[in-house]
Every structure is written in structure tokens, then in C-alpha cells.
Amino acid sequence: MDVSRLIDPLNSAQRAAVCAPAGDVLVLAGAGSGKTRVLVHRIAWLIQVEGISPYGILAVTFTNKAAGEMRGRIEQLLGIPSHSMWVGTFHGIAHRLLRAHCREAGLPEGFQILDSDDQYRAVRRVMREIGLDESQWPPRQVQWYINARKDEGLRPEHLEDKGDIHLKHMIEVYRRYDALCRRSGLVDFAELLLRAHELWLQRSDVLAHYRQRFQHILVDEFQDTNGIQYAWLRLLAGQGTVEKTTLEDGPARRQHLFVVGDDDQSIYGWRGARVENIQQFPRDFPGTLTLRLEQNYRSTGNILAAANALIAHNSERLGKQLWTEGGDGEPIHLYAAFNELDEAHFVTDQIRLWVEQGGQRRECAILYRSNAQSRVFEDALIHAGMPYRVYGGLRFFERAEIKDALAYLRLLANRHDDAAFERVVNTPTRGVGERTLAAVREYARHHDVALWQAADAVIEEKSLAARAINALHGFTALIETMDADSRGLTLFDRVEHTVQVSGLIAHFGKDRSEKGRTRLENLEELTNAARQFVHDFEAATTLDSGPDVDGTASTSLDPLSEFLAHAALEAGETQGGAWEDCVQLMTLHSAKGLEFRQVFICGVEEGLFPHRRSAEEPGRLEEERRLCYVGMTRAMEKLTLAYAEVRRLHGEENYTQPSRFISELPSEHIEEVRLRGSVAQPMSSAYPGRTRTTGACGETAPDGLQLGQRVAHEKFGEGVVLGYEGQGRHARVHVNFEDAGSKWLVVEYARLTPL
DNA sequence: GCGGAGACCCTTTTT
DNA sequence: GGGTCTCCGC
């Protein structure tokens, strides 16, 4: 076997990690230091050199994307299918465990997963049932509260209100929501983790089994783990109280944890991630070998030096200095825009130059703090005729029409699924009104049964108007018929049948607009997804049927439930595979883990970045700084920071201050493309009185334009020059367009044609 | 039951 | 400014 293939491509620090002796290892891996490579090579090392069976390895990530990438690279490196190995997200693995041990975990066999939207609706429903004022207890906040408690491993019975009326009601909602989930056989994302943890705690036999099996546990992005994830890992890795009674006599652990993370890239504290876990790790696992990967293979010297200097302003760090063998590269560019439009024009123009010089659009990323900022860039890019792709937003399985179809499928799989029942009982409309539903809900609550049973009972009792009873019965009968008629069909046929018979196709088909057509296409795409899924699923299970030692963990579930779980756990890509060469637009958060030759970080202003809601608290400010660090270290060659002096946000125009992060960057790595205030002088001083800029025909504006002159613009059409501001390339003109209204445009980018 | 008008909110997001 | 949600009128 060829060990050199595993070792040769590594630097000495990477090699130390990959070849580390048995024991616990913490790898502090800086941005661009080859973190995934180390994980993948470590796995290969364990299998090929240490002779560990792939069945004894568990690799955990946070996103499906990361898991998929790891799988791909393992297969590439080892030339073996990775299906025999457990590689997945925390949630995916928890789900797999719970499927295999649903009885031990106290879950019904056909339990289904609730996504955040479903959860939100369920929480709201509970709140309405007990008549909680939604203005005082916003359902989002209550939902957030519940998830935060679950992430801490806390059930309602562990919580005390301590006389706080506000808390008291939230705990009450939590309690009722939990009851609803139990009754309906539903499990939300946080619940997956919590249940998996409770499974370890309560079933020492199950835990012992997996401790025996998984002696090598690898974790990616360890800085993002929350309380429950780390607790779960600790138990599995043999650290905890349970094993004394079950597995081992002495303190000797046979499990090895290999965790990789970067405290400087911890940007998810606000959703419960605990950087502290990374600091705590060596204390929890004495004898941990801590290694640092500091050589960066991504960015130029200037970018790294600036990023290092920025992050040095944080106090709570484990400490790391990135360095590169590469050259300094260009300095970081800093652009002071007049406003957000100018900022967008500037960026678009830079990308145009980049492309003219032979670069590709997909190598350029526009990063921003909040999604609301994307619109201006989209406008500018459309205007410039430049294809782009925005990350984030609704994903395939989150679309309304898809969720409707899935809700029907969920009811086929499990009649007790109240969330699904609520969603489609009257979609498409079939005359089940609010009054009827209220009666059903009331019955369900009173008798503590699922809505489905309540509906049956209400129909039986005939306590409502005949029309209502008929409508309700129409629904339950429809589901029963759909189930009976499609039972035994393949998943693909079943999905197709459901989409048709449910009336969803007819319903959305009535909408002749573009929107309606897209919805039909999406429903069609859902059946395709089902077909594809069966294909992949079969491939996976065939390969997986190898010597699975335990016999318990091979998940043999019906394809429908498996498909539904897949839909919830992997909500799909945001946008279909637009393989065109596109400029990449995304938030700084979603840029983590990616790299681009050219990066623009925009809106680097106080209040926006750092966000005003994070600026006061030191801890949150440090997280913002880490976010900036993450953004900067995405850039390979060229990094530009931009801010606007005036920004229109939420319809208000605001004068801004450059972000404090800018002043934290050493000036020797920075080149200012335009100095703040160097061109845009206050109108009052440059031109006494506003009248001067809004009239006086015949005066010469920059670029040979005349006040009062008619001009044409590619996008805005024709208009009249009303005024101007500043001189030179960055001067702006005020044009009143016939159709588009009045606009301030930067002459250089506006490309106005005199008429 | 649907569509329009008005109120309301507004950081980041994966599972 | 804009997207979402609710309410009200047809």
C-alpha cells in the first residue's frame, strides 16, 4: 500500500495531525490551511495504515455540503465507496440513530421531521390554542426560546419560571408543543439532537454498542458545536459516567476524538454555537494533542497580514498567526462610495475590468452583512448585463407547493401528523372552513388525540352542519383512497399519484401566471427528485449491506419515510444548477468555507458591519470581527472593502461612518481607491445654494454634460440633467428620467449619451 | 375564498 | 423599501 500518496502532499503540521498516534487530537486549523485535506487524509491513514475498519469510523460535519465533499474526497483518495462509513451531519447521524433505535428512544416507527417552518406553525398553533397574545410573545421568539432550551438539553420539566409571567407562558407553550409533537410523531431539528443525547443517557446498552463500534470519531468545524452536540460527542467518545457500569472497568478509553476547528472562525454564537467547547476540549480530554495549522495556501501576504492584524483585536483567542510562502500580492483596496448605488456601480465595474482582463465572473464574490444589501447589486449587475447568482433564500423543499405535496405524503405515512393535516386539510380549498377546523381542534385538544382522529370523530358525531361534515369527510376519504390506491407502488409513482390526486396540479394549474407555471414545474421536479432519490437510495443500501457488525443500525425504512426525511434534512440547493459563469453574491456567513480569487466586502460601515445590534456587547462585537476575518480570508488574490457615505436602508437615508474594522487594518496593506469626501463635497460649500445645481441651463457639468441637457441611459431611458456634484471621474450627475424618475448617477459608470 | 389595502417588521442560518 | 401577514370587503 502506498503511504506516500497520503503523506507527500502534506506539510509538516498537516502530517503531524494526519499521522498522530492514537489519542485525542485537537487541530486548530486556520482559514485556508487545508483543514478538509487533513480530515480526509486522517481517515485514509486510519484505514490504510492503522488498519481500522471503515465501520469503526464516524465523521461528523455541520452541513450536507461539507459531508458530501468529505465523502467525495475520501472516495477519490481511497478508491473505495464511502457508504460503508458513517459520514454525515450531526442531524443526519442523529436521525439515523433514532430510526434504528426508535423504540429505545421512545419514538413511533414512522416519526417524521419537522423543519423550522413547520415548527413555527406548530408553535403558533399552540399559542393560539391557549390564547397567548402574539404581540407580547412573538411566535418566532417563542420558537427560538424552545430551540435554545433544547440545545441546552433542557425539557420543560427542567425549567422554572421563578415567578416570571413571561417565562411561565413560554414554558407552557414549550410543554404543549412537546405534547403535540409526541402525539403527532414529529421531531424538530433540535429534538433530533436532544433525543439522540437522551438515547445515550438512558440506554447504556445502546451507548455501549456504539462506543464499541466507533472508536474513531472525527469532527469538522468543531467551533460550531452547541451544548448538546458536544455533550453527545463526549458520551460517545467514552467520556462520561455511564461506561463504568457497562463497558469498561478502568478509566481507559478506547475511543479517539479527532476534532478540527478554528476559534477565529466562530460566527454562529448567536444560534447557540459555543466556541468555549474548543477551549474546553483539552480540559475535558486530558492528554489531548493540540496542533496548529497556520500555513495558508489561499491568500496573498497582504490579505493575510491585514486579516491577522484585524483578528488580533479580539481578546478571547487561542492564538494563531497565518502565514504564506506566496508573495505579498496587491494591497487591499478600500473604496469610499457616495452611496450604495455608487458602491454597486464600482463593484460591477471592477468585475467588468476583471473579466476584460481574462478573469471569470464566478471567481468574484460580493459579500455583505445582510441580505437586504443584495438588491442594489442585483440591479447594477442586471443593468451591466452580468449574470450573477445569489445564495440564500428559499430552497427547493421549502417552497410552498412542495411543502403542500410533502404534507400529503406525510399524511400517507402517518395520519397523526398534525402539522401536515393543518397544512393541507383545505389546500386546495375543499370547503373545510375555519369553523369546522376549530371544532376539530377543540375535539383534539379535549380528548388529547391527533387532528386526524378528531376529524373522524367529528364526522361520526355529525355535530356540525351537513355541508361541513361532507367537506371534512371529503378530505379524510381522499387521503384514505390515495393511500389505498398508491400502496405498493414505487416511491416515484406514489409521489406522482399524490401530486395529481390531491388536486395540487389542478389547483396550481389554474394560475396561468408565471408564478403558477413555476409551481407546476416545481411539482414536476418533485417527482423527479423522488425518482432520483430511489436511485441513490438503492445504490447506497446495496453497498451498505456489507458486514454491518451491529445488525441494529442498518436502517431499513420504507422509501417514503426515508424520502420525507431526506427532504427535511437536505432542503436542496437554493437555486438550480445555473452553470453559467456567474458573479457570486452572498452574506458573509454563507461565504464561510468558500474561496474566490476576487472578493468584495461591501457595506463596511458602523451600524451595518458591525451590526448595530451586536456593537454594544463585547462578545458579539468580537463575533462580528471574526465574521470580517472570515470574509477577508475568502480572498485569494484581490480583496476590496467598500463602504458608502450615505446609505439608504429601510427607506431612510443615513449618513454613515466607516466601520471600526477598517481602522483596525494596518495602513501599509491598504490602498484607498477613493478618499472619503475627496470628491463629494457638501453641496452648500461647492455650490452655494441648491438652486445652482437644479437649474441654470447651459452650465457645464462633468464629462461635457450640460445642465438641462437631454441624455439617454441604458436602463433608465431618457432624461434631463438637473445638477451635478464633484469633479473628475467620480463626479455625479442628477438626472430626471422620464420613466425612471430622478437619479443621482456617477458619471464614470452611468455611461450617459448626450442627445 | 380570494385579492387588495394597510400594518408591521427589519441581522446573520443550517439542520 | 419591501416582504409578509392580517383583516376586510366582495
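Here the structure is a predicted model, which is why all the values come from computation and not from measurement. (Residues numbered from 1 in each chain as written. Chains lettered and ligands numbered in written order. Predicted model: local features only at pLDDT ≥ 70, side-chain atom pairs only at ≥ 80, totals over all residues. Heavy atoms only, no water.)

For chain A, the count of helices and strands is 31 helices and 21 strands. Buried residues in chain A amount to 54% of all 755 residues. Taking all contacts inside chain A whose residues are at least 6 apart in sequence as the whole, residues at least 24 apart take part in 74%. When the accessible surface of chain A is summed, it comes to about 32,700 Å², and 49% of that surface belongs to carbon and sulfur atoms. (Helix = DSSP H or I, 4+ residues; strand = E, 2+ residues; numbered from the N terminus. Buried < 20%, exposed > 50% of the residue type's maximum accessible area, 1.4 Å probe, protein only. Contact = heavy atoms within 4.5 Å. Areas by Shrake-Rupley, 256 points an atom, 1.4 Å probe, with all protein chains shown as cover.)

On to helix H14 (residues 301-311). One full turn of an α-helix is made of 3.6 residues, so residues set three or four places apart face in the same direction. Buried residues dominate H14, accounting for 10 of its 11 residues. Looking only at H14, the buried set comprises Gly 301, Asn 302, Ile 303, Leu 304, Ala 306, Ala 307, Asn 308, Ala 309, Leu 310 and Ile 311. On its buried face, H14 is in contact with strand S9 (332-339), helix H28 (618-632), strand S14 (635-649) and helix H29 (660-663).

Now for the packing of helix H3 (residues 35-48) against helix H4 (residues 64-78). The N-to-C vectors of H3 and H4 enclose an angle of 50 degrees; their axes lie 10 Å apart at closest approach. If you check the angle between H3 and H4, you find them oblique. As for the relative orientation of H3 and H4, their crossing is right-handed in sense. Packed against H3, whose contacting residues are Thr 36, Arg 37, Leu 39, Val 40, His 41, Ile 43, Ala 44, Ile 47 and Gln 48, the element H4 presents Glu 69, Met 70, Arg 73, Ile 74, Leu 77 and Leu 78 at the interface. Class assignment for the residues of the contact of H3 with H4 results in 9 nonpolar, 3 polar and 3 charged. (Axes fitted to C-alpha atoms, helices over the stretch in contact; angles between N-to-C directions. Parallel < 35°, antiparallel > 145°, perpendicular 65-115°, else oblique. Left-handed = near helix turned anticlockwise from the far one by under 90°. Nonpolar A, V, L, I, M, F, W, Y, C, P; charged D, E, K, R; others polar.)

Around DNA strand C, the neighbouring residues are Arg 124, Arg 128, Arg 375, His 650 and Gly 651. In this structure, a phosphate oxygen belonging to DNA strand C sits 3.4 Å away from a side-chain N or O atom of Arg 375. (Near = heavy atom within 4 Å. Polar contact = N/O pair within 3.5 Å; in protein donor to acceptor, adjacent residues only side chain to side chain.)

For strand S1 (residues 25-29), a buried count of 5 out of 5 residues is recorded, marking the element as mostly surrounded by other parts of the structure. Burial of the side chains of S1 extends over both faces: Val 25, Val 27 and Ala 29 are buried on one face and Leu 26 and Leu 28 on the other. One ladder, built from 5 bridges, connects S1 with strand S8 (residues 289-293); its direction is parallel. Bridging from a neighbouring strand, Val 25 pairs with Leu 289 of S8. Summarising the sheet, S1 and strand S7 (residues 256-261) pair through 4 bridges and their orientation is parallel. Bridged to Leu 26 within S7 is Val 259. (Pairing = 2+ DSSP bridges.)

Generally speaking, soluble globular proteins have nonpolar side chains that are buried together. Grouped together as the largest cluster of nonpolar side chains are 64 residues, with contacts concentrated most on Leu 58, Tyr 177, Trp 200, Ile 217 and Trp 232. The dominant element in this core, judged by the number of residues it contributes, is helix H8 (residues 165-184), at 7 residues. When neighbours within four sequence positions are excluded, Tyr 177 is seen to be in contact with Leu 114, Gln 119, Ala 122, Val 123, Val 126, Ile 146, Lys 150 and Asp 188. Membership of the second largest hydrophobic core comes to 47 residues, among which are Ala 407, Phe 421, Ile 479 and Val 495. (Core = buried A, V, L, I, M, F, W, Y, C linked by side-chain atoms within 4.5 Å.)

Take the packing of aromatic side chains next. In total, this model carries 20 aromatic pairs according to the counting rule given. Ring centres 6.0 Å apart and planes at 15 degrees place the aromatic pair Tyr 210 and Phe 214 in the stacked group. Residue Tyr 210 is classed as buried on the basis of its relative accessible area, which comes to 0%. For the ring pair Tyr 368 and Phe 377, a centre distance of 6.5 Å and an interplane angle of 15 degrees mean the geometry is stacked. Comparing Tyr 368 with Phe 377, the two get one shared label, buried. An aromatic cluster is defined as three or more aromatic residues linked by ring pairs; in this entry it consists of Phe 62, Trp 86, Phe 90, Trp 200, Tyr 210, Phe 214 and Trp 232. (Phe/Tyr/Trp six-rings, centres within 6.5 Å; stacked < 30°, edge-to-face > 60°.)

Here the focus is the sheet that holds strand S6 (residues 216-219). Reading across the sheet, the 6 strands line up as S3-S2-S6-S7-S1-S8 and stay open at both edges, with parallel pairing between neighbours. If you trace the sheet from one side to the other, it starts and ends with strand S3 (86-89) and S8, each paired once. Averaged over all neighbouring strand pairs, the angle between strand axes comes to 15 degrees, with direction disregarded. Here H4 sits on the sheet in contact with strand S2 (57-61) and S3, set at roughly 155 degrees to S3.

Lining the immediate environment of DNA strand B, one finds 26 residues, of which Arg 369, Thr 587, Arg 613, Ser 614 and Arg 620 sit closest. Taken together, the sugar and phosphate atoms account for 53% of what DNA strand B places within 4 Å of the protein. For DNA strand B, a base oxygen lies 2.8 Å from a polar atom in the side chain of Ser 116. Take Thr 587: an N or O atom from its side chain is 2.6 Å from a phosphate oxygen of DNA strand B. Elements represented by at least two residues in the surface near DNA strand B include exactly helix H26 (588-591), helix H27 (612-615) and H28.

This part covers the environment of Asn 302. The residue Asn 302 is located in helix H14 in this model. Classification of Asn 302 by relative accessible area gives buried; the value is 10%. Taking the C-alpha atoms as reference points, Asn 302 and Gly 329, 27 residues apart in sequence, are found 6.3 Å from one another. In this structure the side chain of Asn 302 is engaged in a polar contact, spanning 3.1 Å, whose partner is the backbone oxygen of Gly 329.

Take the pairing of strand S15 (residues 652-655) next. Summarising the sheet, S14 and S15 pair through 4 bridges and their orientation is antiparallel. Of the residues in S15, the one forming a bridge with Leu 649 is Glu 652.

Bringing unusual backbone geometry into the picture now. Following Thr 427, the chain continues into Pro 428 via a peptide bond in cis, with omega recorded as -5 degrees. Checked against the element boundaries, Pro 428 lands in the loop between helix H18 (418-424) and helix H19 (434-447). For the bond running from Phe 609 to Pro 610, omega is 5 degrees, close enough to zero to count as cis. Within the secondary structure, Pro 610 sits in the loop between strand S13 (596-601) and H27. Positioned with a positive phi, Lys 162 is a non-glycine residue whose angle comes to about 50 degrees. You can see Lys 162 is positioned in the loop between helix H7 (139-151) and H8.

A cluster of acidic residues, Asp 493, Glu 496, Glu 521, Glu 524 and Glu 525, forms a negative patch at the surface. Mapped onto the negative patch, the elements with two or more residues apiece are helix H22 (491-501) and helix H24 (514-544). Ranked by residue count, the leading element in the negative patch is H24, at 3 residues. By the element assignment, Glu 525 lies in helix H24. Glu 525 gets classed as partly exposed once you look at its relative accessible area, which sits at 40%. (Patch = residues over 30% accessible without salt bridge, like charges linked within 9 Å, V, L, I, M, F, W, Y side chains within 5 Å. Salt bridge = Lys/Arg side-chain N within 4 Å of Asp/Glu carboxyl O. Lys, Arg positive; Asp, Glu negative; His and termini not counted. Charge placed at Lys NZ, Arg CZ, Asp CG, Glu CD.)

Let us look at helix H5 (residues 90-100). Burial analysis of H5 places 8 of its 11 residues in the buried class, the great majority of the element. Inspection of H5 places Phe 90, Ile 93, Ala 94, His 95, Arg 96, Leu 97, Leu 98 and Arg 99 among the buried residues, and these make up the whole buried set.

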